[in-house]
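Chain and residue survey
Next come the chains, spelled out residue by residue.
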Amino acid sequence: MPVLPRPFMRFCLAALLAAPLLALAAPPEAATDHVSARLVSSQAAVAPGQRFTVALAQDIKPHWHTYWLNPGDSGQATTLDWSGAEAGPIQWPTPAVQPIGPLVNYGYEGQAALLVELAVPADARPGGRFRPVAEVRWLVCKDVCIPEQVSLGLDLPVVATAAPPGPDAAQIEEWRGALPKPAPFALRARAAPQGVQLAGPTAGVSRAYFFADTWGAITHSAPQPLRAGGDGWTLDLAAGEDPVKPGQPLSGVLTLMTDAGPQAWTVSVPMPEGAGQGPGPADLAAPAADTAGAAPEAGSLGLLPALALALLGGLILNLMPCVFPVLSIKALALVNQGDHKAEGLAYTAGVLASFALLAAVLVALRAGGQQVGWGFQFHSPVFVGVVAYLLFAVGLNLSGFFDVGGRFAGIGSGLAAKQGLAGSFFTGVLAAVVATPCTAPFMGAALAFALAQPAAVMLAVFLALGLGLALPFLVLAFWPAAQRWLPSPGAWMDRFKQFLAFPMYAAVVWLLWVLAQQAGPDGVALALGGLVLIAFGLWWRRVAPGAAGGLALAACVALALGASAGIKPAGAAAASAATGEAYSAERLAELRAQQQPVFVNMTAAWCISCLVNERVALSRPEVKDAFARHGVAYLKGDWTREDPAITAVLKAHGRSGVPLYLYYAPGAAEAQVLPQILTPGLVVEAVSATVSATVPGSPT
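1. Describing the pairing of strand β4 (residues 66-72)
- Of all seven residues in β4, six are buried, a share of seventy percent or more.
- Note that β4 and strand β8 (residues 103-108) share three bridges and pair antiparallel. Bridged to G72 within β8 is N105.

Quick look at the structure:
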C-alpha cells in the first residue's frame, strides 16, 4: 500500500484543525461609504432554546439618513434576513420627521439601534458554536439615495445552562429603554371629514405627532393640528392614499411634548365609522406642502373679492385670441344706426345662460365626486370636434358661402327683430363656448374660490365672469356716444366680415391639432370627414333651396355629428425631449431630492393662453439659455386629456385650470407661482434668483 508524502499529510491535518474557523460565515461589523453597522448581543454565551436580544447598531454619516418601519412618502425600511436562528420582528426606536421638499419621510440620522429577539435552536449542542447570520439591507439618502447591503454574523459559544448577561447587556437595555412604550392611557378616535381625530387625556401637552406604522394610513406630509386643554388634547389626521377601513386598527407611534418632558407611546385604536377617506390618489399626486400653503389662499378669498376678480377676468377674456373675433362680429352690428339695447341684452343673456349652464354641470360633476376645472369640457374629443364644426360653419357664413336669414348673428339690418335677438343670443353662447379654453389674469383665484364653494356661490362667481365677458358689447349697446367711436357703415363692413372668417378657420385648424393630441390620426380623419359633410350639406342647401335642401343639410349635419361621436381618446403620449420631460409627482420629488431647480408647466393643447406663453416666453433662446445655465429641469404636465394628478396640482395651488407655472428653487419649501401671462424676462428672473429655504425640524 503506497504511503502518502509527509508534507501532504501535514497540510490535511492543518486544514481539519482550521475548519471551525473557516465556518465563521460573517463578521459582527461592517462598513459602507455611508453607514457603519455592527451586531451587539446581550449574551456572551447562549444555551439551547434560550431567547436573547441582538441590536443592529448603525452609525450614519452626517447629513445622511436611513428609514423607519414606515418610511413615509418615499424611502425603504431597513430589513434583516436571518439564517441559523429564529428571529422576532424588529423593535424600532422612535423615528424623526424628515421633510424633503414637499415630501415627509420617517427615519434616523446619526445613530440608530434596531433590536431583535433571537432564539437559539433547541437542539444546539453544548460545547458547540451558535453562528446566526443576518443579511442587512438599508437605503441611505441625502440628496441622492443609495441602497446598501452587508452580511453580519455572531459567533457565540453554546453552554449547557443559561449564562449570565454579557458585557453589552447594559447597552442593550439602554437602547431598549429608548423604545416607545405601550400607552398607559386610553386613546379615542373620532370621525372627521378628511380623516380621523385622535383624543387623549394627557394634560400639559404642547406638541404632538403621530407616526402611522403602515404606509398610506394617513397623509404623511399633511399638518397635524393640535388642540390642547386642561382636560386633554385632540390631534387631527388627514387620511392617506390607503386609509384604514372602519373597525380596523390605526396603529403607530404617538409622540408628545408634555410638562414632564418628551414621551413616545405605541398606540392602536379602531378606526371609527364615518371617518373621512381623505383626498384620494389624485390629490396625493400633488405636492402636499404646497397644498397646505396654497389652497387656503383661494378658500379665504371672500365672495366680494372673488366677484370682482371674476368680472375683471371676464373683461380681459375679450382680448384673448379665442374670443376677440366673435366680439368683432357683434361690434359690426352696432355700426348701423339705431337702438341696439335689445341686442346687447340678448347677447348678454346668451353669455350668462352659457356660464350658468357650465356652473350647473360643474356642480353636478362635483356632487358625483369628480374633480373638474375651467375648460374641462375640452378634455372630451367629441366636444372638441363639435366646436370645430361650429366654428367651421361660422367661417363659411362669414365668407359668404351661405346666409342665415340674409345675414349672420344680427350683422346689418336685414334681420327681423326676432331673428336679430336670436342671433345676438346665440352669438353670446358662441362667445362663451370659445372663451372656455382661454384663461385670463385674475380668473385663477376667483375660479378656484368658486369651485370650493356651495352651488349658489359658484353660480354667482361664474355669472360675474360672464358679465365681464359680455360687458364691452353691453356698454356699446347702451351708450350711443361710444358707438360714435366706430367707423361709418360702408363696403368695408363686408370685406371685414369676410376677413373675420380666417380667424375662425385658424381656430378650426387649432382644434384639429388638439384632436391629434387627444385622439390621434383616426380622430382627425373622422373630424375632417365631418367638416366635408357640413360643407357638402351647406352647398346642397344653396343649390337646392327648399325642403329638399333643408333635409339634405340636416342629414349631413347628423352624419357629421355621428362621425364626431366616434372619436375616441388615444393613449397618452409623453412629452418630447424638446418640450420638457413629462410631469409626474415622483419625478418632481426625485429632482427636488437632488436639490435640482425645477420649472413645471401645466398646460393643455386646447389652452390658447398656454400655447401663446410657450411661443413668446418658454421657447425663447434667452429662457432656454437660463434653464441650461442654472441646470433647471423642465417638467411639462399635459392636461389636454383629463388627468386627475394634474387636476390635484392645480387645486393645490388655488387654480381651477391651466396654465399654471411653478418654479421650485433648490431647498425651497414651496414653489414660486408665476403669472398666467409670461414674458421671457419674468421666467429668466425667476430661475436666476437665489432662493433660500429653511427646512423645518422634527416636531418631536
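2. Section: the pairing of strand β15 (residues 188-192)
- Inspection of the sheet shows β15 paired to strand β16 (residues 195-200) by five bridges, in the antiparallel sense. Within β16, the position partnered with A189 by the bridge is L198.
- In this structure, the hairpin formed by β15 and β16 is closed by a connection of two residues.

3. A word on the pattern of salt bridges
- Counted according to the given criterion, the structure contains eleven salt bridges.
- Across the pair R176 and E173 runs a salt bridge, and its minimum N-O distance is 3.2 Å. With R176 and E173 both in helix α2 (residues 169-177) and three residues apart, the pair spans about one turn of that helix.
- The class for R176 is partly exposed, based on a relative accessible area of 24%.
- Judged by its relative accessible area of 44%, E173 is partly exposed.
- Overlapping salt bridges bring together E117, E173 and R176 as one network.

4. Some details on helix α5 (residues 303-317)
- With 15 residues, α5 extends 21 Å from end C-alpha to end C-alpha; this agrees with the ideal 21 Å at 1.5 Å per step.
- Burial in α5 covers these residues: A306, A310, G313, G314 and L317. Looking straight down α5, one finds that the buried residues subtend no more than 100° of arc, so they occupy a single side.

5. Regarding the sheet that holds strand β11 (residues 133-141)
- Taken in spatial order, the three strands of this open sheet run β5-β11-β12, and their pairing is antiparallel. Strands with a single pairing partner mark the edges of an open sheet, and in this sheet they are β5 (79-83) and β12 (145-153). Taken pair by pair, the neighbouring strands of this sheet meet at an average axis angle of 15°, ignoring direction.

6. Observations regarding empty space enclosed by the protein
- A full pass over the atoms with the stated rule returns two cavities of 30 Å³ or more.
- If you add up the space inside the largest cavity, you get close to 50 Å³.
- The wall of the largest cavity is formed by ten residues, among which G195, V196, A217, A239 and M271 lie closest to the centre.
- Those elements that provide at least two residues to the lining of the largest cavity are β16 and β19 (232-238).

7. A look at the environment of Y663
- Looking at the element boundaries, Y663 is found in strand β25 (residues 660-664).
- In this structure the C-alpha to C-alpha distance between Y663 and V632, which are 31 residues apart in sequence, comes to 9.2 Å.
- Dropping the residues within four chain positions of it, Y663 is found in contact with P597, V598, F599, V632, A671, Q672, L674, A686 and V687.

8. So, the sheet that holds strand β21 (residues 261-270)
- On the basis of which strands lie adjacent, the open sheet formed by four strands has the order β14-β21-β20-β17 and mixed pairing. With one partner strand each, in any of the chains shown, β14 (181-182) and β17 (207-212) form the two edges of the open sheet.
- The pairing of β14 with β21 spans two bridges and is classified as parallel. The residue of β21 that forms the bridge with P182 is T266.

9. Describing the packing of helix α18 (residues 621-630) against helix α20 (residues 680-688)
- Contact pair α18 / α20: the axes reach a minimum separation of 9 Å and the direction vectors enclose 5°. Put simply, α18 runs roughly parallel to α20. Residues E622, V623, A626, F627, R629 and H630 of α18 pack against P680, V683, V684, V687 and S688 of α20.
- Taken together, the residues that form the contact of α18 with α20 break down as seven nonpolar, two polar and two charged.

10. So, a nonpolar patch on the surface
- Among the surface-exposed residues, F536, W539, W540 and V543 lie close enough to one another that they form a single nonpolar patch of about 400 Å² accessible area.
- On the secondary structure map, V543 appears in helix α14 (residues 501-543).
- Residue V543 is classed as partly exposed on the basis of its relative accessible area of 49%.

11. Examining the packing of aromatic side chains
- According to the stated counting rule, one finds 17 aromatic pairs in the structure shown.
- For the pair F52 and F130, a centre-to-centre distance of 6.2 Å together with 75° between the ring planes defines the contact as edge-to-face. With F52 in strand β3 (residues 51-60) and F130 in strand β10 (residues 129-130), this pair connects stretches of sequence that are 78 residues apart. Judged on exposure class, the residue F52 and its partner F130 are both buried.
- An angle of 55° between the planes, with centres 6.4 Å apart, marks the rings of F392 and Y505 as tilted. With F392 in helix α8 (residues 381-398) and Y505 in helix α14, this pair connects stretches of sequence that are 113 residues apart.
- Owing to a relative accessible area of 16%, F392 belongs among the buried residues under this scheme.
- In this structure an aromatic cluster arises from ring pairing among W68, Y106, Y209 and F211.

12. A look at the confidence of the model for the protein chain
- Chain-level statistics for the protein chain give a pLDDT mean of 77 and a share of 74% at 70 or above.
- Predicted confidence for residues 14-24 stays below pLDDT 50, and this span has four contacts to residues more than four positions away or in other chains.
- Scored below 50 in pLDDT, residues 690-700 shows 19 contacts in the model against residues more than four places distant or in partner chains.

13. Focus: the side chain of N613
- On the secondary structure map, N613 appears in helix α17 (residues 608-618).
- Apart from the residues within four sequence positions on either side, N613 is in contact with L618, P659, Y661, Q676, I677 and L678.

14. Re the packing of α5 against helix α11 (residues 455-478)
- Across the interface, α5 lies against α11 with an axial gap of 7 Å and an inter-helix angle of 35°. You can see that α5 and α11 cross each other, and the crossing is right-handed. Together, L303, A306, L307, A310, L311, G313, G314, L315 and L317 of α5 and V457, A460, V461, A464, L465, L467, G468, L469, L471 and P472 of α11 make up the contact between the two elements.
- The class makeup of the residues in the contact of α5 with α11 is 16 nonpolar, three polar and no charged.

Cut-offs and rules
Residues numbered from 1 in each chain as written. Predicted model: local features only at pLDDT ≥ 70, side-chain atom pairs only at ≥ 80, totals over all residues. Heavy atoms only, no water. Buried < 20%, exposed > 50% of the residue type's maximum accessible area, 1.4 Å probe, protein only. Helix = DSSP H or I, 4+ residues; strand = E, 2+ residues; numbered from the N terminus. Pairing = 2+ DSSP bridges. Salt bridge = Lys/Arg side-chain N within 4 Å of Asp/Glu carboxyl O. Expected span 1.5 Å × (residues − 1). Arc of directions from axis to C-beta. Axes fitted to C-alpha atoms, helices over the stretch in contact; angles between N-to-C directions. 1 Å grid on protein atoms, 1.4 Å probe; cavity = no way out; pocket = protein on both sides within 12 Å on 5 of 7 lines; lining within 4 Å. Points joined across faces, edges and corners; volume = space filled by probe spheres on them. Contact = heavy atoms within 4.5 Å. Parallel < 35°, antiparallel > 145°, perpendicular 65-115°, else oblique. Nonpolar A, V, L, I, M, F, W, Y, C, P; charged D, E, K, R; others polar. Patch = residues over 30% accessible without salt bridge, like charges linked within 9 Å, V, L, I, M, F, W, Y side chains within 5 Å. Areas by Shrake-Rupley, 256 points an atom, 1.4 Å probe, with all protein chains shown as cover. Phe/Tyr/Trp six-rings, centres within 6.5 Å; stacked < 30°, edge-to-face > 60°. pLDDT = per-residue confidence, 0-100. Left-handed = near helix turned anticlockwise from the far one by under 90°.

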